[in-house]
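Okay, here's what each chain looks like letter by letter:
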Amino acid sequence: MARALGEDLAQDDSSSLGSDSELNGPSPYRQADRYGFIGGSSAEPGPDRPPADLIRQREMKWVDMTSHWEKTMSRRYKKVKIQCRKGIPSALRARCWPLLCGARVCQKNSPGTYQELADARGDPQWMEAISRDLHRQFPLHEMFVSPQGHGQQGLLQVLKAYTLYRPEQGYCQAQGPVAAVLLMHLPPEEAFWCLVQICELYLPGYYGPHMEAVRLDADVFMALLRRLLPRVHQHLQRAGVGPLLYLPEWFLCLFTRSLPFPTVLRVWDAFLSEGAKVLFRVGLTLMRLALGTAEQRRACPGLLETLGALRAIAPSQLQEEIFMSQLQARLPGAQAIFEAQQLAGTRGSPKPELPQIVVQPPEESRPPRRKPQTRGKTFHGLLPRARGASLEGAPRAHRSSVSFLDTRF
């Protein structure tokens, strides 16, 4: 599966804003937008962008929260989550992302580790694979235009360092765009530790040789789709479109190849604060936008047409404010189905060894729900509970390692 995914990503080298520079080369006279993309459409603030006063107000809130981060996470985590959903100010992502994912703690606990890995000689097998992919990562971004520039060279060092840090996992091609986005905002060492946290804390098992967790989450996604968007699920079944035909590109690359770049950053803000559940919500939202109406489904009778529809959603629907407002709408029953599938599908799965995160927010205080009609069953009757079994004692899912995040739908 890893080889097939690599071939698929190699054939589709398009970034969030295109990749025609590989054929024509970027023009030196084209202006870069505010994200660094040459000739991008974000050079001027869009109509949906918050006003400058509101951005400044949010920046001051984030400065205050990050100045007392341990206190903020222990007492005001709900506020952090809300602010992440509104979007972290661009000027403060470099400060906030390492704090949110715990990379700052890892870097502090392992001083000098990254530099040793960066100075070491990489495995020739992985170095060759990484070098082949460097030019494919956001080729229209000013950081990654030149093969000898600091962007491609920094990306090479970060990915090489990870193969040395986890030699049993090595390199996965989908790590390239993830590391590239991190390098757009962070110095190489912080980008490396953020990549470590994403691969091992948020998405364990995603980037390994067999990608077991991706297959498992494909089943979880289909269960959610079957319950929340049944007509879309039936259409995918009739057209023969399995989740592994589109989900790996979405989840492994964290939607960097599927959404406009401003929307990608907003999704990442929510992902780093709330965990992997955000990926499922983004996927469900894309499904609803692409195949939500009967007319859309009739226009996609076969496999190729359906896959094309998933990649041809109207740009106006993917604008960051419009898309995030749809993403934050509650989906009925999502929490119940997600937890039921996790307990049913991952019970007994080994828990990976992960770095310790010292800052943990408290559980949200809310009274326990006791309904006589659901007593003796879990998740509103979806999953029968054995007599005398304790739900709290059940083994946690493979993603339960994100213990300091609120991973509920």
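These notes cover the structure that comes with them. (Residues numbered from 1 in each chain as written. Predicted model: local features only at pLDDT ≥ 70, side-chain atom pairs only at ≥ 80, totals over all residues. Heavy atoms only, no water.)

## A look at the packing of aromatic side chains
Reasoning step 1: With the rule as written, the count across this model stands at 17 aromatic pairs.
Reasoning step 2: Between Phe 138 and Phe 261, the ring centres sit 6.1 Å apart and the planes meet at 80°, which makes this aromatic pair edge-to-face. Of this pair, Phe 138 sits in the loop between helix 9 (124–133) and helix 10 (150–165) while Phe 261 sits in helix 16 (residues 261–274), and the two are 123 residues apart along the sequence.
Reasoning step 3: Relative to Trp 193, the ring of Phe 192 has its centre 5.0 Å away and its plane inclined at 65°; by these criteria the two rings are edge-to-face. Neither Phe 192 nor Trp 193 differs from the other in exposure class; each is buried.
Reasoning step 4: The structure contains a cluster of three or more aromatic residues connected by ring pairs, namely Phe 221, Tyr 246, Trp 250, Phe 251, Phe 255 and Phe 280. (Phe/Tyr/Trp six-rings, centres within 6.5 Å; stacked < 30°, edge-to-face > 60°. Helix = DSSP H or I, 4+ residues; strand = E, 2+ residues; numbered from the N terminus. Buried < 20%, exposed > 50% of the residue type's maximum accessible area, 1.4 Å probe, protein only.)

## Remarks on helix 5 (residues 77–86)
Reasoning step 1: Taken as a whole, helix 5 has its buried residues at Tyr 77, Val 80, Lys 81, Gln 83 and Cys 84. With its buried residues spanning 165° around the axis, helix 5 presents them on a single face. (Arc of directions from axis to C-beta.)

## Regarding the nonpolar core
Reasoning step 1: By size, the foremost hydrophobic cluster in this structure holds 107 residues, and its most contacted members are Leu 182, Leu 203, Phe 221, Leu 225, Tyr 246, Trp 250 and Met 287.
Reasoning step 2: Leave out the neighbours within four places in its chain, and Tyr 246 touches Phe 221, Met 222, Leu 225, Leu 236, Val 241, Met 287, Leu 307 and Leu 310. (Core = buried A, V, L, I, M, F, W, Y, C linked by side-chain atoms within 4.5 Å. Contact = heavy atoms within 4.5 Å.)

## So, helix 16
Reasoning step 1: Between its first and last C-alpha atoms helix 16 spans 20 Å; for 14 residues at 1.5 Å apiece the expected length is 20 Å, and the two agree.
Reasoning step 2: Counting buried positions along helix 16 gives 14 out of 14 residues, so the element sits mostly inside the fold. (Expected span 1.5 Å × (residues − 1).)

## Brief notes about the pattern of salt bridges
Reasoning step 1: All told, the structure shown has twelve salt bridges when counted by the stated rule.
Reasoning step 2: Between Asp 64 and Arg 76 there is a salt bridge, and its shortest N-O distance comes to 3.8 Å. With Asp 64 in helix 3 (residues 52–67) and Arg 76 in the loop between helix 4 (69–75) and helix 5, this pair connects stretches of sequence that are twelve residues apart.
Reasoning step 3: A residue is classified by how much of its surface remains accessible, and Asp 64, at 38% relative accessible area, is partly exposed.
Reasoning step 4: Here Arg 311 and Glu 249 are joined by a salt bridge, their closest N and O atoms 3.0 Å apart. Of the two residues, Arg 311 is situated in the loop between helix 19 (303–310) and helix 20 (320–327) and Glu 249 in helix 15 (residues 247–252); the sequence distance between them amounts to 62 residues.
Reasoning step 5: Overall, the relative accessible area of 8% leaves Glu 249 in the buried class.
Reasoning step 6: Salt bridges linked by common partners bring Arg 85, Glu 274 and Lys 277 together as one network. (Salt bridge = Lys/Arg side-chain N within 4 Å of Asp/Glu carboxyl O.)

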